[in-house]
Amino acid sequence: MNLAPIAFFAYKRPEHTKQSLESLAQNEGAESSELFIFCDAPKKPEDEEAVTQVREVVRSKQWCGQVHIIEREQNLGLANSIIQGVTELCSKYGKVIVLEDDLILSPFFLEYMNKALELYEKESKVIQVSGYIFPVKLTSDNDAIFLPFTTSWGWATWQRAWQHFDPEMNGYKQIKANKKQKYKFDLNGSFNYFNMLESQIAGKIDSWAIRWYLSTFMLDGLTLFPNKSLVANIGFDGSGTHCGDSSSFDGEMTQDKILSMPKSLKLNDKEVNIVFKYLRSLNRHPSLLQRIKNKLVRF
């Protein structure tokens, strides 16, 4: 199998970075994978010590078969850092697996990602592979399902898909002018992604993730999700920018392999409704919902 390169984005959380890289190193296939660690530069003088500690962590071990460390000299911010890194690796390798410094991975995360990238490589409707799934109980016959939106917590894509990434958000006006499109963009009213998009338009946030979702939405694209999460997010501890202070809302991370993936590219309405129902339930917990939105957008 032609293994995908791994892009890992780190900033100023050395302990999170260490835990995340340790979990990556324990993955089957890590010893044969090529890892690119992008370390952003400090935005403020008070961030310099933590940034230095992160750079010491990433240099401390041979986390994968090959490790390349890119230490930025100027602060790019997470959005620009991810956009640049993903663009560079997709252009060179045709695909990429993307991680951030607050994600803990199942030992079978890489195996699942690489198998899915190979299986759906020529399926233009499949835009992304996700390693994370919300804490829902799914009943699919396969170990993975398709959903009509993207994710930012451990994912992968191909150059054929990423080439459609539209940082200028040209689809915004079309959605705003069409109530049905807006309803669909908000996952049938389950989650207010359009509000995030308008915040991006207004310059209130700087998010690669909402722009990526819009880009894939305009293509009517699908994302493959595992039935049980292969990723846990440990960033709800107040340590990250705009993350808030909360315990993770992730369900239990599976320790099982993803053995079967759907052959049909059609959405399973039953499974989609289960996920949408969970997302609607978050509206009953405003403070948690806002923290989740902040994490999904990733400033």
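These figures come from a predicted structure and were not determined experimentally.

1. Here's the deal with the overall build of the chain
For the chain, the count of helices and strands is eleven helices and ten strands. Counting the 299 residues in the chain, one finds 56% classified as buried. Counting contacts in the chain only where the partners sit at least 6 residues apart, residues at least 24 apart contribute 81% of the total. Of the accessible surface of the chain, which amounts to about 13,500 Å², a share of 46% is contributed by carbon and sulfur atoms.

2. So, the sheet that holds strand 8 (residues 155-158)
By definition, the strands of a sheet pair up through backbone hydrogen bonds, in either a parallel or an antiparallel sense. An order of 3-2-1-4-8-6-9-7 is seen for the eight strands of this open sheet, with the pairing classed as mixed. Each edge of the open sheet is held by one strand with a lone partner, namely strand 3 (66-71) and strand 7 (144-147). Strand-to-strand twist across the sheet, computed as the mean angle between neighbouring axes with direction ignored, equals 25°. Across four bridges, strand 7 lies against strand 9 (residues 222-226) in antiparallel orientation. Across the sheet, the residue bridging to Ala 144 is Pro 226, located in strand 9. Each of strand 1 (6-10), strand 2 (34-39) and strand 3 touches helix 2 (residues 48-58); the most contacted strand, strand 2, lies at about 170° to it. Seen against the sheet, helix 4 (residues 109-119) touches strand 1, strand 4 (95-100), strand 6 (126-130), strand 8 and strand 9 and runs at an angle of roughly 150° to strand 4.

3. Looking at the environment of Lys 257
Take Lys 257: it is sitting in the loop between strand 10 (231-233) and helix 10 (269-281). We classify Lys 257 as partly exposed; its relative accessible area is 35%. Taking the C-alpha atoms as reference points, Lys 257 and Glu 111, separated by 146 residues in sequence, lie 8.2 Å from one another.

4. Observations regarding the confidence of the model for the chain
In this model, the chain carries a mean pLDDT of 92, and residues with pLDDT of at least 70 account for 90%. Across residues 239-248 the pLDDT falls below 50, and counting only partners more than four positions away or on other chains, this stretch makes 25 contacts in the model.

5. Details of the packing of helix 1 (residues 14-25) against helix 2
For the pair helix 1 and helix 2, interaxial distance at closest approach is 8 Å and the crossing angle is 20°. It follows from the interaxial angle that helix 1 and helix 2 lie roughly parallel. The element helix 1 and its partner helix 2 pack so that their crossing is right-handed. Mapping the contact onto sequence places Pro 14, Thr 17, Lys 18 and Leu 21 in helix 1 and Ala 50, Gln 53, Val 54, Val 57 and Val 58 in helix 2. When its residues are assigned to classes, the contact of helix 1 with helix 2 shows six nonpolar, two polar and one charged.

Reading the values: the criteria
- Sequence order as written defines the numbering, with residues in each chain counted from 1.
- Local features in this predicted model are restricted to residues whose pLDDT is 70 or higher, and side-chain atom pairs enter the listing and the counts only when it is 80 or higher, whereas totals over whole chains, interfaces and linings include all residues.
- The basis for every side-chain value is the complete set of non-hydrogen atoms in the structure, without hydrogens or water.
- Labels follow the DSSP assignment, with helices taken as runs of H or I lasting at least four residues and strands as runs of E lasting at least two, numbered in each case from the N terminus.
- Under the scheme applied here, a residue whose accessible area is under 20% of the maximum for its type counts as buried, over 50% as exposed, and between as partly exposed, the area being computed with a 1.4 Å probe on protein chains only.
- Contacts are assigned to residue pairs that have any heavy atoms within 4.5 Å of one another.
- Per-residue accessibility takes into account occlusion by the displayed protein chains alone, with areas from the Shrake-Rupley method and a 1.4 Å probe.
- For two strands to be treated as a pair, DSSP must find no fewer than two bridges joining them.
- Whenever a helix is involved, its axis is fitted only over the stretch in contact; in every case the axis is a line through C-alpha atoms, and angles between N-to-C directions fall within 0 to 180 degrees.
- A score between 0 and 100, pLDDT records how confident the predictor is in each residue.
- The labels follow the angle: roughly parallel below 35 degrees, roughly antiparallel above 145, roughly perpendicular from 65 to 115, and oblique for the rest.
- Handedness of a helix crossing follows the sense of rotation of the near helix relative to the far helix, less than a right angle counterclockwise being left-handed and clockwise being right-handed.
- Here the term charged refers only to Asp, Glu, Lys and Arg, the term nonpolar to Ala, Val, Leu, Ile, Met, Phe, Trp, Tyr, Cys and Pro, and the term polar to all other amino acids, Gly among them.

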